[in-house]
Amino acid sequence: MNEIRDLIIGIDFGKDYSQICYYDRKGEEPCSVSMKVGAQEFEAPTCICRRGEHKEYTIGLEAVYFAREKGGQMVDDLYGICKKEDNVQILGEQVEPWELLQVFLEGMLKFLGVADLVKNTKCLVITSPELEDPQVKNMEKACQAIGFSKDQYMLIDHGESFYYYSLTQKRETWNRSIGWYSFHQDEVKFQQLTMDSSTRPVLVRLEEPKKTVLPSLTAPEEEGEKAVEARDEAFRDFIKETLGTGLFSSIQITGYGFSPDWAKMSIGSLCMQRRKVYYGNNLFAKGACAAGKERLEDKILKGYRYMSPALVLKDVGMEMRVMGAPAYYPLIEAGKNWYECKAGCELILDDTSELVFVVSIPEETEKKRVAMALEGLPKRPNRTSRLSLTLKYVSPRDCEITVEDLGFGEMYPSSGKIWRELVRWDEQEERKQA
């Protein structure tokens, strides 16, 4: 590794295996880090092991060894645990999910061999197959416990990682559509990355997946050849169904379940029309690394917008007096992923007992006003109720609003009252009390 400062690091936190890479500034590309010295082994099992007598944790391949040979307690569903808020019992101790994730991430980061890693890191980008609210909270807590500040880490899902990886390759591999086959044993999923060049910025979308289940290879030995042929034919038929006559610059294949050993006819179908075909499982870690480089330094994709399903599509703000003059105060900016959308401010009520939010879609003139009543607000003279306001998205559609009564100095102390409401801006009638 030739970098020791301004590191850009990508970690793919996967269900079964995880990987880590860093941006190689000499080679000008993301570079995978091996889990074994002198070996080309880039995947670490997503697990940790607690050694009781030493009260120490190991991760990945080492965790598998200690659980098998030394009798440590294995935590092999770390990915699933981190999608929940429930504590886990390990050797009689209650441990929170984010604490286990912290252990795993610290173990992965050690493979970089960099002293004062946090100090020398410009950006850590973590990618996962999907990102849900408990998982995001656990990742944020783990990163902050390691020592990373909020502007030092980013979270993206596999779809966005695929986007950054694809569009930071040579242009001839993405000037048309890109096909993506994702394998999980016998199941294979296809998605197509498309670009609408008629818009500015160019809108890039990952289409809804199509799925199929291939015949299994776990057949008796005498039927093995027939099983291989059946699997190859089924995948070839799925390729014809999904690619059709469309124009694709390249095809990416990821996951476990694909092998050139059985995909003889399939590979021929994939390579038709001079399509470039790539197979490997380091795409997401490298895509995460590429995302950090693009967002913080290169910005060569500023003419493109990835329309992620996690994207917030509405601006949210309030009309208020700022420095004595009426103004629009922005809170949530459209075009960001939901887990990045957080805002807060303090305000003083002026002849009202409710908050009114202005909701709009960028580049559209129509705006909607959504009111939130503050029931039970203490009766005070005008402009003597100071409130703390926090907005935080907990899913792509649901925004949690939290309002706290701060009072107004010693004359009107805080009542301690807190209001919470979960809002879907586009479906006001579906608002529900949290």
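Going along each chain's sequence as written, the residues are numbered from 1 onward. The predicted origin of the model limits local features to residues at a pLDDT of at least 70 and limits the giving and counting of side-chain atom pairs to 80 or more, whereas totals for whole chains, interfaces and linings rest on all residues. Working from all heavy atoms in the structure, the side-chain values ignore hydrogens and water.

Q: Which parts of the structure should I look at to understand helix α9 (residues 283–298)?
A: Residues three or four positions apart in an α-helix share a direction because the helix packs 3.6 residues into each turn. Per the convention used, a helix needs a DSSP run of H or I reaching at least four residues, while a strand needs a run of E reaching at least two, with both numbered from the N terminus. Residue count minus one, scaled by 1.5 Å, sets the expected span of a helix. Along its 16 residues, α9 runs just 19 Å from first to last C-alpha, ending more than 12% under the 22 Å computed at 1.5 Å per residue. To sort residues, take the accessible area from a 1.4 Å probe on protein chains only and compare it with the maximum for the residue type: under 20% means buried, over 50% means exposed, and anything in between is partly exposed. Counting buried residues along α9, 12 of its 16 residues qualify, which places the element largely inside the surrounding structure. Within the span of α9, buried status applies to L283, F284, A285, K286, G287, A288, C289, A290, A291, G292, K293 and E294. Backbone geometry just downstream of α9 places K299 in the positive-phi region, at approximately 55°.

Q: What is the right way to read the sheet that holds strand β22 (residues 354–360) from this model?
A: Strand pairing in a sheet relies on backbone hydrogen bonds. The paired strands run either parallel or antiparallel. Spatially, β20-β19-β22-β23 is the arrangement adopted by the four strands of the open sheet, whose pairing is antiparallel. Edge positions in the sheet fall to β20 (325–332) and β23 (367–373), since each has one partner strand and no second. Mean inter-strand twist for the sheet, computed between neighbouring axes without regard to direction, equals 35°. When DSSP finds two or more bridges between two strands, those strands count as paired. Strand direction decides the pairing type here: β22 and β23, joined by seven bridges, are antiparallel. Residue pairing in the sheet places F357 in a bridge with V370 of β23. For helices, the axis comes from a line fit to the C-alpha atoms of the stretch in contact; other axes are also lines fit to C-alpha atoms, and the angle between any two N-to-C directions lies between 0 and 180 degrees.

Q: How do you make sense of a nonpolar patch on the surface when you look at a structure like this?
A: In this analysis, a patch consists of residues with relative accessible area above 30% that form no salt bridge, clustered at 9 Å for like charges and at 5 Å for the nonpolar side chains Val, Leu, Ile, Met, Phe, Trp and Tyr. Methods summary: accessible areas were calculated by the Shrake-Rupley approach with a probe of 1.4 Å, and residue burial reflects only the protein chains presented. The working definition used for a salt bridge is a side-chain nitrogen of Lys or Arg within 4 Å of a carboxyl oxygen of Asp or Glu. Among the surface-exposed residues, V322, M323 and Y329 lie close enough to one another that they form a single nonpolar patch of about 320 Å² accessible area. Position of M323 relative to the elements: it lies in the loop between β19 (315–322) and β20. Under the relative-accessibility criterion, M323 is labelled exposed at 84%.

Q: Please clarify how the nonpolar core should be interpreted in this entry.
A: Inside soluble globular proteins, nonpolar side chains tend to come together where they are buried. Core analysis: the largest hydrophobic core is formed by 94 residues, its most contacted members being L109, L355, F357, L389, L391 and W425. For this core, the element with the most residues is helix α3 (residues 97–110), which contributes seven residues. It only takes one pair of heavy atoms within 4.5 Å for two residues to be counted as in contact. Those residues in contact with F357, other than ones at most four positions away along the chain, are V316, G317, M318, L331, K368, R369, V370, M372, L389, L391, I401 and W425. Within this scheme, the nonpolar core is defined by two criteria: the residues are buried Ala, Val, Leu, Ile, Met, Phe, Trp, Tyr or Cys, and they are joined through side-chain atoms within 4.5 Å. In this structure, L214, F248, I251 and I253 belong to the second largest nonpolar core, which totals 16 residues.

Q: How should I be thinking about the packing of aromatic side chains in this particular structure?
A: Centre-to-centre distance and the angle between the planes together describe a pair of aromatic rings. The rule is short: rings of Phe, Tyr and Trp, with Trp giving its six-membered ring, pair when the centres are within 6.5 Å, and they are stacked under 30 degrees, edge-to-face over 60, tilted in between. Scanning the model with the defined rule gives 22 aromatic pairs in all. On the basis of an interplanar angle of 35° and a centroid distance of 5.6 Å, the ring pair of F13 and Y79 is categorised as tilted. Linking F13 in strand β1 (residues 7–13) with Y79 in helix α2 (residues 78–81), this pair joins segments that are 66 residues apart in sequence. Of the two residues, F13 and Y79, neither departs from the other in class, the shared state being buried.

Q: Can you walk me through the pairing of strand β17 (residues 276–279) in this structure?
A: In the case of a regular strand, side chains alternate between the two sheet surfaces. Bridge count between strand β16 (residues 248–256) and β17: four bridges; the pairing is parallel. When the sheet's bridge partners are listed, I251 is paired in β17 with V277. Crossover β16 to β17 through helix α8 (residues 264–270) is right-handed. A clockwise path from the first strand over the helix to the second, with the strands pointing away from the viewer, defines a right-handed crossover.

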